[in-house]
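What follows is the residue order along each chain.
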Amino acid sequence: MPDVGLKAYLMVAAALFSLGMGVVITRRNAIAVLCGVELILNGAALNFVAFNRYSAPAGRLDGQIFTIFIIILAAAEAAIALAILLNVFSITDSVLIDEADSLKE
Amino acid sequence: MQLTGDRLSQIQDLLERGMLGFVPEIILSLAVIALLLCDLGRRRIRPAVPGWIAGLALGLAALWIVVNFPAGTSPLFGWLEGSVHKPLLVNDPFAAFFKLFVLAASLVVLPMCMQSPLLNKRSTSEFYALLVAASLGMLIMASSANLLMIYLGIEFASMASYLAVGYFKQDRRSSEAGLKYVIYGSVASGIMIFGLSLVYGLTGSLALDDLASTVTASGMNATALAVASILVFAGFAYKMAAFPMHFWCPDVYEGAPLPFTAYLSVASKAAGFAVCIRFLMAFGPEFRIRFTDYAGLPDGAGFGWKEIIAAASALSMSAGNLAALKQENIRRMLAYSSIAHAGYLLMGVAVLKPDDAGSEQFGALLFYFIVYFLMNLGAFFVVHLVTVRTGEETIESYKGLGRRAPFLAVALTTCLVSLLGIPPTGGFIGKLHLLSEVVEGGLIWLAVVAGINTAISAYFYFKLIKAIHLDKAKDESFPAVAISNRLLVAALVAPLLILGIFFAPVSEWTKGFGL
């Protein structure tokens, strides 16, 4: 298989990041927003792996290790976010962010 | 790769020294485990026990740092590149200052937690475990010298904080605050991690030590690095509650358990500043985006960290103070006031010079941190004591406090006057030092903005002071405040007044903790 090069990976990562930001900004559903965050994190993880493969000194695995940490923390963060969301859902019967409006001036 | 005996002993030495410098964090980790085990037993333990365990661990960690105060910079963990040690964490006076700051803040917050009636309704050891875990994350933030450690420290502190903010399961406000905090936090950390990945790609290393040398390397795309580091700054700004990542702050401060609000406003902010300052200083003085590279603009036109931070500072204080004007809830008002204070503190960060090896330039900034600690925790402590007794949080409910509880009223007034920054309080001296640094650093416009903002903030601070002392209350009764609480409040407020007059020893002392 031909090597597509660093640029292709970076473009996919940037696309993932932008899609994630788009989802975060436009969606009202808290679960959809969390999916968007997941896209952002995956964009960053892809960047780390690609940079490690193409531009790090030989024998160094910094980027790969960083990616493993991103995956672990993304899972932990999703678990915490869903736990809190479940709690909100059991009180308000809604997962829409704009209906969580009891805190206002 | 073969490890020869010499190399092996080098690595062993590295690990040994690392573990010795890591003792405070190890103490806190053990405390978290012990606190989690508290709930597993069949018999219910007394509600005060977890609080004492947390207090003991935090106290021991602080004591260890004081006794083994680092004289210079000692790198911890990490790897060897040839003979150069690339640390994951560093133990230096700057880190020790912020570690003690965070630990002291948690120790002040502990008695508030132990008195909070809502927190004591059910088993509370989880809450203390979260508080200690958040402190542990902040200790790592304060001493991280590696992009990975910055990320892990921030995430560790954030995740414990999300859960603590949404701790009251039945309470709609607490749950909503938790939801807003976690969504905001995960987006902010996502943006930051994307920025970190670009910084890694551009510099080829995760070690902060390597940043300065690669920033100036030929062929470095300064614009790409600037975009990447602004993305990273978004994550820091979220921790500091500074513009443009401050929108979570009022909602979270209003909904979270009050002791944790006090903790977030002081410890979390300070840890955010510590990690941000370390990151910025690693860039070195050469980091600048020059517009001349582009449209043939005049030589010298461009911007660096100084301009970025100054803009964030001016916008933070303006956004915080203007929004605070119309607040009726005291917690929201203090939240906006803490956003404004992030702005004042950023002002001190903007004029730091990375090429200046002396740590004296940090004096004004760190002095303001000490003052901020005293006045903000003092204010929140009084608000906590009043809320526990009246169950009210509106400014309306503070009417006539001067007659109902003279001691608390005077203490709160002192803190508010200090937050506003007028003599004879530490807040005035702190702001004066900061402003003189800013003017010396050439950012006169920023000093003017800060002056205008102080004038604006007088309105809402004095609105509260007027309610306390001049307005009449409907109900004159007020339950008594125990002597231990009075002593704690006095221990926070008295130094504030002392620092307003005898500030010289402390302001000299803080000059020793720079990078």
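No experiment lies behind these values; they were computed from the predicted model shown.

1. Topic: the overall build of chain B
In step 1: Scanning chain B from N- to C-terminus turns up 20 helices and six strands.
In step 2: Among the 515 residues that make up chain B, the fraction classed as buried is 57%.
In step 3: Sequence-distant contacts in chain B: of pairs separated by 6 or more residues, those separated by 24 or more amount to 78%.

2. Re the overall build of chain A
In step 1: In terms of regular secondary structure, chain A is built from three helices and zero strands.
In step 2: In chain A, the order of α-helices and β-strands from amino to carboxyl end is α-α-α.
In step 3: Relative to a compact globule of 105 residues, whose C-alpha radius of gyration would be 13 Å, chain A shows 18 Å and is clearly more extended.
In step 4: Across chain A, every contact between residues at least 6 apart in sequence was considered, and the portion connecting residues at least 24 apart equals 48%.

3. Quick notes on the nonpolar core
All names here are of chain B.
In step 1: Among the nonpolar cores identified, the biggest contains 227 residues, and Val102, Val132 and Ala271 are the most heavily contacted of them.
In step 2: Here this core takes 20 residues from helix α14 (residues 363–390), the largest share from any one element.
In step 3: Those residues within four positions of Val102 in sequence are excluded, and the remaining contacts are Ser135, Met138, Leu139, Ala142, Ala267, Ala270 and Ala271.

4. Observations regarding the domain arrangement of chain B
Residues and elements named next belong to chain B.
In step 1: The domains assigned to chain B are domain 1 (7–176 + 247–276) and domain 2 (303–515).
In step 2: A straight line from the C-alpha centre of domain 1 to that of domain 2 covers 24 Å.
In step 3: Each side of the interface is counted separately: domain 1 has 24 residues, and domain 2 has 25 residues.
In step 4: When contributions to the side of domain 1 that touches domain 2 are tallied by element, the ones reaching two or more residues are α4 (93–115), α10 (248–255) and α11 (258–282).
In step 5: Considering only residue class, the side of domain 1 that touches domain 2 consists of 18 nonpolar, four polar and two charged.

5. Remarks on the interface of chain B and chain A
In step 1: At the interface, 36 residues of chain B touch 35 residues of chain A.
In step 2: Elements supplying a minimum of two residues to the side of chain B that touches chain A: α6 (147–165), α7 (172–203) and α10 of chain B.
In step 3: Element by element, the count of residues in the side of chain B that touches chain A is highest for α7 of chain B, at 20 residues.
In step 4: For the side of chain B that touches chain A, the per-class residue count stands at 16 nonpolar, ten polar and ten charged.

6. A short note on the environment of Val439 of chain B
All names here are of chain B.
In step 1: Within the element layout of this structure, Val439 appears in helix α17 (residues 426–440).
In step 2: A residue is classified by how many C-beta atoms lie within 10 Å of it, and Val439, with 14 of them, is partly exposed.
In step 3: In the structure, Val439 is positioned 88 residues away from Val351 in sequence and 9.1 Å away in space, judged by C-alpha atoms.
In step 4: Once residues lying within four places of it in the same chain are set aside, the contact partners of Val439 are Ile444 and Ala447.

7. Section: α6 of chain B
In step 1: With 19 residues, α6 of chain B should reach 27 Å at 1.5 Å per residue; the first-to-last C-alpha distance of 27 Å fits that figure.
In step 2: Within α6 of chain B, 18 of the 19 residues are buried, which leaves it mostly tucked inside the rest of the structure.

Conventions and cut-offs
- Residues numbered from 1 in each chain as written.
- Chains lettered and ligands numbered in written order.
- Predicted model: local features only at pLDDT ≥ 70, side-chain atom pairs only at ≥ 80, totals over all residues.
- Helix = DSSP H or I, 4+ residues; strand = E, 2+ residues; numbered from the N terminus.
- Buried ≥ 20, exposed ≤ 12 C-beta atoms within 10 Å, placed from the backbone.
- Contact = placed C-beta atoms within 7 Å.
- Rg over C-alpha atoms; globule rule 2.2 N^0.38 Å.
- Core = buried A, V, L, I, M, F, W, Y, C linked by C-beta atoms within 7 Å.
- Domains from an automatic or database assignment.
- Nonpolar A, V, L, I, M, F, W, Y, C, P; charged D, E, K, R; others polar.
- Expected span 1.5 Å × (residues − 1).

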